[in-house]
Amino acid sequence: MDPQAPKKRGRKPKPKEDKKDEPKMKESTTTKRTAHQHAVDDKYTHWKSLVPVLYDWLANHNLVWPSLSCRWGPQLEQATYKNRQRLYLSEQTDGSVPNTLVIANCEVVKPRVAAAEHISQFNEEARSPFVKKHKTIIHPGEVNRIRELPQNTKIVATHTDSPDVLIWDVEAQPNRHAVLGATNSRPDLILTGHQDNAEFALAMCPTEPYVLSGGKDKSVVLWSIQDHITSSATDPATAKSAGSSGSIIKQSPKPGDGNDKAADGPSVGPRGIYNGHEDTVEDVTFCPSRSSVALVMTHALYYGMLELAQAQSLRSADNSVRMFDRRNLTSNGVGSPINKFEGHSAAVLCVQWSPDKSSVFGSSAEDGLLNIWDYEKVGKKVEQGPRTTNYPAGLFFQHAGHRDKVVDFHWNASDPWTVVSVSDDCDSTGGGGTLQIWRMSDLIYRPQDEVLAELEKFKAHFDERIDVAKLHVSSP
């Protein structure tokens, strides 16, 4: 195995043990595992007891197979108490059945609808009634990354253990049964250009139908799929009418059914290839305000960047998240961080800016935590209660519902402050991992004066009820 190869984020095969030391190793490993599991269980039990206080809504979904990526799709329907929305996730199997890209329907409960006593009463080993599988695409290889096209979220790109990027029109793709021996689904488009595997670094441009990818060949590759999609792909008015009757990606004629291998799909070459890195490019993203600007991360430093306005956020090998100001970077991209966010005890795997507040971003890590930060809170004086705790600067919420590494998460742009997150905790859950959909209480992120004013109203109402009760008890 290449020592420079980037580590996989999902479940790893168990290492083979030396026969002569087997009893001693087993005893030592079992003891460590038991102690670790007790610590994890205690932490999880404490978190679950706080769910009714911390969350407005939470759904827990036990997965059949581990998942390396989860993304929100388009909103399908709005109702009185909940909305229905597409959800994309991957299934990383053991080979007994094919790997799949799953299109699910998710019922997202609206704010201040769920009863506090209901959201904490879930079975960790059960499927959630809020998540139902809608369609399965048999994927050629593991699905390491899923990214949706912002101009039309029915089109997604996937990364697997190959040099190609696969483009799918998920509504037009037929539903497949993932059974042993089943042929792969045919991608609607294949993006070629990498000279080695490209596994995790993948981004879609927020303003134009561009796709960006990085890989083991130490290069960043850019494609435009503008000429390969119909007008309905970028026009919301016509996109609704496209439905699932046909693909909104233009197809080139191919003989046969095209289901035998990914290579049967039409392919597109790169618009640009960018070199200069000395190791694997592990993550990439477009600048939200300028489609021609992209940020990358290399495996050598194990960092990633996210950018909003004039700020960038970076994850590094020392378990921290760092923020840079683009205006202070030199021409070769070197600069000192303006902020360092330290709240993880293991490698950070994913960072994302919130679509609901420009100063807020999330970070998930191998320590099982998903931290929510607000860089505007850094340096501000925070009034502590009687129990003073030294929280990391900028950290204002910590989602601790996962019991192992949180490999991916995604903010819901259609439902404010709602997050989907997925973890590889199959040993703890008796399944393939855990997918959670959650929304913190708005009392946590709203302005303090608003929250205090609302609580004062509740206090006045509560005091009034107490006075009425006292009067009722004291009356003859």
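Source: prediction; values computed, not measured. (Residues numbered from 1 in each chain as written. Predicted model: local features only at pLDDT ≥ 70, side-chain atom pairs only at ≥ 80, totals over all residues. Heavy atoms only, no water.)

Re the overall build of the protein
The helix and strand inventory of the protein stands at six helices and 27 strands. In the protein, buried positions account for 50% of the 476 residues. Long-range pairs, those at least 24 residues apart, make up 60% of the contacts in the protein with a sequence separation of at least 6. Accessible surface, the protein: about 23500 Å² in total, of which carbon and sulfur atoms supply 52%. (Helix = DSSP H or I, 4+ residues; strand = E, 2+ residues; numbered from the N terminus. Buried < 20%, exposed > 50% of the residue type's maximum accessible area, 1.4 Å probe, protein only. Contact = heavy atoms within 4.5 Å. Areas by Shrake-Rupley, 256 points an atom, 1.4 Å probe, with all protein chains shown as cover.)

Some points on unusual backbone geometry
Of note in the backbone geometry, Arg112 takes a positive phi value of approximately 60° without being a glycine. Among the structural elements, Arg112 can be located in the loop between strand 4 (100-109) and helix 2 (116-119). The phi dihedral of Lys218 is positive, around 65°, even though this residue is not glycine. The residue Lys218 is located in the loop between strand 11 (210-214) and strand 12 (220-224) in this model. Note on Lys218: relative accessible area 38%, which makes it partly exposed.

Examining the sheet that holds strand 7 (residues 152-159)
Read from one edge to the other, the open sheet built from five strands follows the order 6-7-8-9-13, with strand pairing classed as mixed. In this open sheet, the two strands that pair with only one neighbour each are strand 6 (145-149) and strand 13 (267-268). One ladder, built from five bridges, connects strand 7 with strand 8 (residues 165-169); its direction is antiparallel. Counterpart to Ala157 in the pairing with strand 8 is Ile167. (Pairing = 2+ DSSP bridges.)

Some words on the nonpolar core
Membership of the largest hydrophobic core comes to 41 residues, with the highest contact counts inside it found for Trp47, Tyr55, Leu87, Ile372, Leu435, Ile437 and Trp438. Tallying contributions element by element places strand 4 first for this core, with five residues. Excluding its chain neighbours within four sequence positions, the residues that come into contact with Trp47 are Tyr55, Leu58, Phe122, His399, Ala400, Gly401 and Gln436. With 17 residues, the next largest nonpolar core counts Ile155, Leu191, Ile229 and Ile249 among its residues. (Core = buried A, V, L, I, M, F, W, Y, C linked by side-chain atoms within 4.5 Å.)

Observations concerning a nonpolar patch on the surface
On the surface, a cluster of nonpolar side chains totalling about 370 Å² of accessible area is made up of Leu443, Leu452, Leu455 and Phe458. It is helix 6 (residues 448-474) that contributes the most residues to the nonpolar patch, three residues altogether. Assignment of secondary structure puts Leu452 in helix 6. (Patch = residues over 30% accessible without salt bridge, like charges linked within 9 Å, V, L, I, M, F, W, Y side chains within 5 Å. Salt bridge = Lys/Arg side-chain N within 4 Å of Asp/Glu carboxyl O.)

Some thoughts on the sheet that holds strand 22 (residues 360-365)
Strand order in this open sheet of four strands is 21-22-23-24, and the pairing throughout is antiparallel. The open sheet has two free edges, formed respectively by strand 21 (348-353) and strand 24 (395-399), since each of these has just one partner strand. Between one strand axis and the next, the sheet turns by 20° as a mean value, whatever way the strands run. Sheet topology note: the strand 22/strand 23 (residues 370-374) ladder contains five bridges and is antiparallel. Along strand 23, the bridge assignment pairs Ser363 with Asn371. (Axes fitted to C-alpha atoms, helices over the stretch in contact; angles between N-to-C directions.)

Structural notes on the pairing of strand 21
On a regular strand, each side chain points to the face opposite its neighbour's, so the side chains alternate between the two faces of the sheet. Most of strand 21 is tucked away, with six of its six residues classed as buried. Alignment of strand 21 against strand 22, held across five bridges, turns out to be antiparallel. Looking at strand 22, one finds that Trp353 is bridged to Phe361. A loop of six residues connects strand 21 with strand 22, the two strands running antiparallel in sequence.

Concerning the pairing of strand 8
Most of strand 8 is tucked away, with five of its five residues classed as buried. Where burial is concerned, the two faces of strand 8 agree: the one with Val165, Ile167 and Asp169 and the one with Leu166 and Trp168 are both buried. Hairpin geometry of strand 7 and strand 8 is characterised by an intervening segment of five residues between the two adjacent antiparallel strands. As paired strands, strand 8 and strand 9 (residues 189-191) are joined by three bridges and run antiparallel to one another. Counted as the bridge partner of Val165 is Leu191 from strand 9.

Section: the packing of aromatic side chains
All told, the structure shown has 14 aromatic pairs when counted by the stated rule. Their ring planes at 80° and their centres at 5.9 Å tell us that Trp47 and Tyr55 sit as a pair that is edge-to-face. Residue classification places Tyr55 among the buried positions, given a relative accessible area of 4%. Ring centres of Tyr55 and Trp438 lie 6.0 Å apart, and the angle between their planes is 85°; this geometry places the pair in the edge-to-face category. Of the two residues, Tyr55 sits in strand 1 (residues 55-62) while Trp438 sits in strand 27 (residues 434-440), which places them 383 residues apart along the sequence. In this structure, Tyr55 and Trp438 share a single accessibility class: buried. Grouped by ring-pair contacts, the aromatic residues Tyr44, Trp47, Tyr55, Phe397 and Trp438 constitute a single cluster. The lysine or arginine in question, Lys48, covers the ring of Phe122, its NZ or CZ lying 4.4 Å from the ring centre. Positioned above the aromatic ring of Tyr44, the side-chain terminus of Arg403 is 4.3 Å from the ring centre. (Phe/Tyr/Trp six-rings, centres within 6.5 Å; stacked < 30°, edge-to-face > 60°. Lys NZ or Arg CZ within 6 Å of the ring centre and 35° of its normal.)

Without other data, these values stay purely geometric and don't point to any function.
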